[in-house]
Amino acid sequence: MNSTRTALITGGTGALGQAIALALHDAGHRVIVTCRQNGPAEQAWLTEHTEAGRPFLLYAVDVADYDSCRQLADTLVADGHSVDILVNGAGITRDASLRKMPRESWSAVLRTNLDSMFNMTQPLIEGMVNQGWGRIVNISSVNGFKGAFGQTNYGAAKAGVHGFTKSLALEVARKGVTVNTVSPGYLDSPMVDAVPADVLESQILPQIPLGRLGQPAEIAALVAFICSEPAAYLTGSNVEMNGGMY
Ligand code: CAA
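Since the model is a prediction, treat every value here as computed from it, not as a measurement. Along each chain, the written sequence defines residue order, and numbers are assigned to residues from 1. Whole-chain, interface and lining totals are the exception, using all residues; otherwise, since this is a predicted model, local features are given only for residues with pLDDT of at least 70 and side-chain atom pairs are given and counted only at 80 or more. Side-chain calculation: all heavy atoms of the structure are included, whereas hydrogens and water are not.

Student: Describe in detail the site of the ligand, supporting the description with residues and values.
Tutor: Near the ligand you find 19 residues, and of these Asp95, Ser97, Lys100, Ser141 and Tyr154 are the closest. Within 3.5 Å is the distance limit for a polar contact, defined as a pair of N or O atoms, with the added protein rule that one can donate a hydrogen and the other accept it, and that residues adjacent in sequence qualify only through two side-chain atoms. Measuring from an oxygen atom of the ligand, one finds a side-chain N or O atom of Ser141 at 2.6 Å. For the ligand, the protein covers 60% of the area, taking 1100 Å² as the surface of the free molecule. Runs of H or I in DSSP of at least four residues are treated as helices and runs of E of at least two as strands, each being numbered from the N terminus. Contributions of two or more residues to the shell around the ligand are made by helix 7 (190-193) and helix 8 (197-204). To be near a molecule or strand, a residue needs just one of its heavy atoms within 4 Å of it. Each accessible area is a Shrake-Rupley result for a 1.4 Å probe, and residues are judged covered by the shown protein chains and nothing else.

Right, dumping it as structure tokens:
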């Protein structure tokens, strides 16, 4: 039996983030999503979900910026929210072979995909520890473990995500807070749409034993399980879901 919890999903308006928001909503939780900007497109997104009976809350934050994350945590407290479940899902790609990679593409990916783990988790974990219950799910990638041509930045950041998970899991294991990594493979999403079609066809799809891209909802169902009461014994793990790719 699940209790109603408050879940915060960074990158919550993206393809995977939205699927996770839906799954956690369906599991009976209050859902807060964050996005980089809270503009007209995000407001339209919110309205659409509200009208469909999913009253998500939306906050803007730059997960690459520590002060922005601290400020969000303060705002959430002021608004009466206490976050029980944190899904660190915000992430970007800036693919290029190392020889061609601009330094900014390295830094942007490391800041957004790895620094964000520290930036968003540190301000929120105290509340979980104090109440003796929490779930943290960090989204990594198959490419953090197997590597990918053109992803030294992304691969390094996503491998780092799991190092972060394992260490933090040790620190809070006795406090009722679990910390796990979920590593999706290639998903049917705009991030994968950005891969040149010929590269996807000739290099990537042949490496997926199931022969297809994953659906964000498949990953989201896994995340919802990890956030549930019966998953209390799962911590420090990397759970892979990638069509058998790795
Ligand atoms: N494997 C082996 N060789 C490859 C290759 C690959 N995957 N891709 C390119 N090459 C080879 C080319 O054939 C070419 O060889 P020659 O020099 O002998 O002709 C050479 O490498 C070209 O190298 P460049 O540095 O010039 O590469 P490029 O500028 O043409 O493009 C790239 C490189 C931007 C990385 C492009 O290949 C690409 O976009 N690849 C996809 C990367 C990828 O998988 N991204 C995943 C995005 S989705 C995601 O990240 C979500 C998730 O978690 C899974």
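Next comes the rest of the account.
Student: For helix 6 (residues 152-172), give the residues involved together with the corresponding values.
Tutor: Here helix 6 contains 21 residues, and its C-alpha end-to-end distance of 30 Å stays within 8% of the 30 Å for a straight helix at 1.5 Å per residue. Along helix 6, the positions that sit buried rather than exposed are Asn153, Tyr154, Gly155, Ala157, Lys158, Val161, His162, Thr165, Leu168, Ala169 and Val172. Any pair of residues with heavy atoms lying within 4.5 Å of one another is described as a contacting pair. Looking at the packing, one finds that the buried side of helix 6 touches helix 4 (103-131), strand 5 (134-139), helix 5 (143-146), strand 6 (177-184), helix 7 and strand 7 (238-241). By this rule, a helix spans an expected 1.5 Å times one less than how many residues it contains. The buried label applies to any residue whose accessible area, calculated with a 1.4 Å probe on protein chains only, is under 20% of its type's maximum; exposed applies above 50%, and partly exposed to all values in between.

Student: Could you give an account of the pattern of salt bridges, with specific residues and numbers?
Tutor: Think of a salt bridge as a Lys or Arg side-chain nitrogen and an Asp or Glu carboxyl oxygen that are within 4 Å of each other. One pass over the full model with this rule turns up four salt bridges. The shortest N-O distance in the salt bridge between Glu229 and Arg5 comes to 3.0 Å. In this pair, Glu229 is assigned in the loop between helix 9 (216-226) and strand 7 and Arg5 in the segment before strand 1 (6-9), connecting sequence segments 224 residues apart. A relative accessible area of 25% places Glu229 in the partly exposed class. A relative accessible area of 15% means that Arg5 is categorised as buried.

Student: Pulling in residues and values, what's your account of the packing of helix 3 (residues 66-78) against helix 4?
Tutor: Orientation is described by axes fitted as lines to C-alpha atoms, over the contacting stretch for helices, and by angles from 0 to 180 degrees between their N-to-C directions. At their nearest, the axes of helix 3 and helix 4 sit 8 Å apart, and the two run at 30° to each other. Judged on the interaxial angle alone, helix 4 and helix 3 are roughly parallel. Where helix 3 crosses over helix 4, the handedness of that crossing is right-handed. Together, Tyr66, Cys69, Arg70, Leu72, Ala73 and Leu76 of helix 3 and Phe118, Asn119, Met120, Gln122, Pro123 and Leu124 of helix 4 make up the contact between the two elements. Classification convention: Asp, Glu, Lys, Arg as charged; Ala, Val, Leu, Ile, Met, Phe, Trp, Tyr, Cys, Pro as nonpolar; all other residues, Gly among them, as polar. Looking at the contact of helix 3 with helix 4 residue by residue, the classes come out as nine nonpolar, two polar and one charged. Reported orientations rely on four angle classes, namely roughly parallel under 35 degrees, roughly antiparallel over 145, roughly perpendicular from 65 to 115, and oblique for the rest. Take the far helix as the reference: if the near one is turned anticlockwise from it by less than a right angle, the crossing is left-handed, and if turned clockwise, right-handed.

Student: Run through the nonpolar core, naming residues and quoting values.
Tutor: Formed by 30 residues in total, the largest nonpolar core has its most connected members in Ile20, Leu24, Val87 and Val223. At the level of elements, strand 1, helix 1 (15-26), strand 2 (30-35), helix 2 (40-51), strand 4 (85-88), strand 5 and helix 9 are the ones that each hand at least two residues to this core. To qualify as a nonpolar core, a set must consist of buried Ala, Val, Leu, Ile, Met, Phe, Trp, Tyr and Cys residues joined through side-chain atoms within 4.5 Å. Formed by 22 residues, the second largest nonpolar core is a distinct cluster that contains Ile32, Leu72, Ala90 and Val179.

By themselves these figures say nothing about function.
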